[in-house]
Amino acid sequence: MCYDVLCGRSPPVMNHTEGGLVIFSANSHPSSREISKRIGERLGVELGKVQVYQEDNRETRVQIQESVRGKDVFIIQTVSKDVNTTIMELLIMVYACRTSCARSITGVVPYFPYSKQCKMRKRGSIVSKLLASMMCKAGLTHLITMDLHQKEIQGFFNIPVDNLRASPFLLQYIQEEIPDYRNAVIVAKSPASARRAQSFAERLRLGIAVIHGEAQDAESDLVDGRHSPPTVKIPLLIPKEKPPITVVGDVGGRIAIIVDDIIDDVDSFVAAAQTLKKHGAYKIFVMATHGILSSDAPKLIEESAIDKVVVTNTIPHEHQKLQCVKIQTVDISLILSEAIRRIYNGESMSYLFRHIGLED
């Protein structure tokens with residue numbers, strides 16, 4: 001996607017000042033640093049000098065190798081397979097810049113880790129709120145992220161959060177890389193993702209289908225106190241009965257495009273693809289912002305009825321692409337670099353959120 005398409009004007013201009021802009025890449029993994037290099041090239045700025053490594057005792061050590069006093073620092077961190085080490089790298093680097101008197105510290109975290117743990121479940125905890133508190137306490141003054149699993153996560157922070165969207169890039173992929181996309185239907189693999197599917201369908205002027213009846217996470221039957229009978233009679237909810245899996249909408253003889261925000265455990269996507277095939281879909285795409293693709297996901301995708309899985313480079317997945325030729329990547333470094341440019345120059349961010357509704 002060219003810059004003119006995104007912003008309708010000439011390439012970015014950085015207002016270099018005496019204080020200056022510094023961009024650090026917090027992760028030393030080659031695949032993770034690739035997006036940082038692309039952002040730096042788009043902005044005409046070299047990445048700052050920093051060493052990030054693990055000592056023999058597995059402690060993370062960060063050494064800033066240039067002055068950041070009075071400067072606006074942007075720390076780019078993508079989530080690698082070792083997510084906890086990734087978090088510690090970011091926190092330590094933010095704190096190092098804070099104690100080195102940086103004027104501002106903006107974290108650029110395309111995929112916010114632990115975002116699925118944003119609701120209280122049984123006797124668990126809201127881990128994403130804990131992580132947000134840790135980032136703010138370390139010294140972060142602003143956060144740029146993309147397609148949070150739940151938009152309400154922004155409320156866990158007491159600093160500004162810009163939750164960018166990858167949908168313009170995925171929509172462009174559909175229009176440019178799927179020649180007969182007009183014969184497609186946007187599919188939600190569960191009623192929970194119907195809003196996202198509806199947003200894609202309305203923008204592409206396509207129909208929508210919803211797979212209903214997928215298996216839900218069952219409550220544990222362990223006797224842990226939740227099943228202790230009360231001393232008074234309390235009305236209880238009737239247990240849910242899972243209906244047989246069915247497709248609401250016509251997919252016969254059409255291309256099915258399943259959309260979601262995260263692809264991690266692919267079992268539900270594989271099952272959805274099998275259901276769509278049975279209902280007559282002749283080609284199946286899966287599109288999502290964040291391609292975690294953990295465990296044996298590449299193998300399952302390769303052996304499934306899915307024709308292509310399209311994800312962005314918010315998370316490095318070069319290793320998975322070597323295992324499965326069906327996985328393709330869409331680059332979103334353009335919008336991240338534009339967000340950095342606007343924040344650094346003190347410009348409005350509203351242009352990057354044009355035509356984005358509450359359901360997006």
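Every chain is numbered on its own, with residues counted from 1 as its sequence reads. At least 70 in pLDDT is required for a residue's local features to be given in this predicted model, at least 80 for side-chain atom pairs to be given and counted, and no such filter applies to totals for whole chains, interfaces and linings, which use all residues. The side-chain figures draw on all heavy atoms in the structure; neither hydrogens nor water molecules are used.

As named in an unreviewed UniProt entry, the chain is Phosphoribosyl pyrophosphate synthase-associated protein 2, taken from Oncorhynchus kisutch. UniProt lists a comment for the chain under the heading Sequence similarities (unreviewed entry), and it reads "Belongs to the ribose-phosphate pyrophosphokinase family." Per UniProt, the chain carries the Subunit (unreviewed entry) text "Binds to PRPS1 and PRPS2." UniProt positions are given in the numbering used here, feature names are shortened, and annotations may be inferred rather than shown by experiment.

Enquirer: Can you break down the overall build of the chain residue by residue, with the values?
Expert: Labels follow the DSSP assignment, with helices taken as runs of H or I lasting at least four residues and strands as runs of E lasting at least two, numbered in each case from the N terminus. Each helix and strand counted, the chain has 10 helices and 14 strands in total. Out of the 360 residues in the chain, the part that is buried amounts to 48%. Any two residues having at least one pair of non-hydrogen atoms within 4.5 Å are treated as being in contact. The long-range share in the chain, meaning contacts at least 24 apart out of those at least 6 apart in sequence, stands at 68%. If you sum the accessible surface of the chain, you get close to 18,600 Å²; carbon and sulfur atoms cover 52% of it. Accessibility here uses a 1.4 Å probe with only protein chains present; expressed as a share of the type maximum, an area under 20% marks a residue as buried, one over 50% as exposed, and anything in between as partly exposed. Exposure was quantified through the Shrake-Rupley algorithm and a 1.4 Å probe, taking into account, for residues, occlusion by the shown protein chains and nothing else.

Enquirer: Now, about a negative patch on the surface: what can you tell me, with residues and values included?
Expert: There is a patch of like negative charges on the surface, built from Asp265, Asp267, Asp296, Glu302 and Glu303. In this structure, aspartate 265 sits in the loop between strand S11 (255–263) and helix H7 (267–278). Every patch collects residues that have over 30% relative accessible area and no salt bridge, joining them within 9 Å if they carry like charges and within 5 Å if they are nonpolar side chains (Val, Leu, Ile, Met, Phe, Trp, Tyr). By definition, a salt bridge exists where a carboxyl oxygen of Asp or Glu is found within 4 Å of a side-chain nitrogen of Lys or Arg. Here the positive residues are Lys and Arg and the negative ones are Asp and Glu; neither His nor the chain ends is included. Charge coordinates come from a single atom per side chain, which is NZ of Lys, CZ of Arg, CG of Asp or CD of Glu.

Enquirer: Kindly report on the sheet that holds strand S7 (residues 161–164), identifying the contributing residues and their values.
Expert: Strands were regarded as paired on the criterion that DSSP finds at least two bridges between them. Ordered in space as S1-S4-S5-S6-S7, the 5 strands form an open sheet in which the pairing is parallel. Looking at which strands have only one partner, the edges of the open sheet turn out to be strand S1 (21–25) and S7. Here the strands of the sheet are splayed against their neighbours by 15° on average, with no regard to which way each runs. Interaxial angles span 0 to 180 degrees and are taken between N-to-C directions of axes, which are lines fitted to C-alpha atoms, for helices over the stretch in contact. Sheet contacts for helix H3 (residues 83–99): S1, strand S4 (72–76) and strand S5 (104–109); angle to S4, the most-contacted strand, approximately 170°. Docked against the sheet, helix H10 (residues 333–345) engages S1, S4, S5, strand S6 (142–146) and S7, running at close to 160° with respect to S6.

Enquirer: Would you mind going over the pattern of salt bridges in detail, with residue names and values included?
Expert: Applying the stated criterion to the full structure yields 10 salt bridges. Of the charged contacts in the structure, one is a salt bridge between arginine 342 and glutamate 338, with a shortest N-O distance of 2.6 Å. In this pair, arginine 342 and glutamate 338 both sit in helix H10, 4 residues apart, roughly one turn of the helix. Across the pair, exposure class does not vary: arginine 342 and glutamate 338 are buried alike. Where salt bridges share partners, they join Glu34, Arg38, Arg42 and Asp331 into one cluster.

Enquirer: Would you mind going over the packing of aromatic side chains in detail, with residue names and values included?
Expert: For Phe, Tyr and Trp, where Trp contributes only its six-membered ring, two rings pair if their centres lie within 6.5 Å, and the inter-plane angle classes them as stacked under 30 degrees, edge-to-face over 60, or tilted in between. Taken as a whole, this structure holds 1 aromatic pair when the rule is applied. Ring geometry for phenylalanine 112 against phenylalanine 157: centres 5.6 Å apart, planes inclined by 65°, an arrangement best described as edge-to-face. Pair noted here: phenylalanine 112 is in the loop between S5 and helix H4 (127–138) and phenylalanine 157 is in the loop between S6 and S7, with a separation of 45 residues, a long-range link. Residue class for phenylalanine 112 comes out buried when judged on its relative accessible area of 1%. Two conditions define a charge sitting above a ring: the NZ of Lys or the CZ of Arg must be within 6 Å of the ring centre, and it must be within 35 degrees of the ring normal. The positively charged end of lysine 189 is found above the aromatic ring belonging to phenylalanine 269, 4.9 Å away from the centroid.

Enquirer: Requested: an account of the pairing of strand S3 (residues 60–64), with residues and values cited.
Expert: Where a strand is regular, its side chains alternate between the two sheet faces. Across 5 bridges, the pairing between strand S2 (residues 50–54) and S3 is antiparallel. Residue pairing for S3: valine 50 is matched across the bridge by isoleucine 64. Between the end of S2 and the start of S3, which pair antiparallel, lie 5 residues, with arginine 58 showing a positive phi angle near 75°.

Enquirer: Would you mind going over a nonpolar patch on the surface in detail, with residue names and values included?
Expert: Judged by side-chain polarity, Val232, Ile234 and Leu236 come together as a nonpolar surface patch covering roughly 340 Å² of accessible area. Looking at the secondary structure, you find isoleucine 234 in the loop between strand S9 (207–212) and strand S10 (246–248). Owing to a relative accessible area of 48%, isoleucine 234 belongs among the partly exposed residues under this scheme.

Enquirer: Describe the confidence of the model for the chain, listing the residues and the values that go with them.
Expert: Per-residue confidence from the predictor is reported as pLDDT, a score between 0 and 100. Of the residues in the chain, 89% have a pLDDT of 70 or more, and the chain-wide mean is 88. Predicted confidence for residues 1–5 stays below pLDDT 50, and this span has 16 contacts to residues more than four positions away or in other chains. Predicted confidence is poor over residues 216–222, with pLDDT under 50, and the contacts of this stretch with residues over four places away or in other chains come to 9 contacts.

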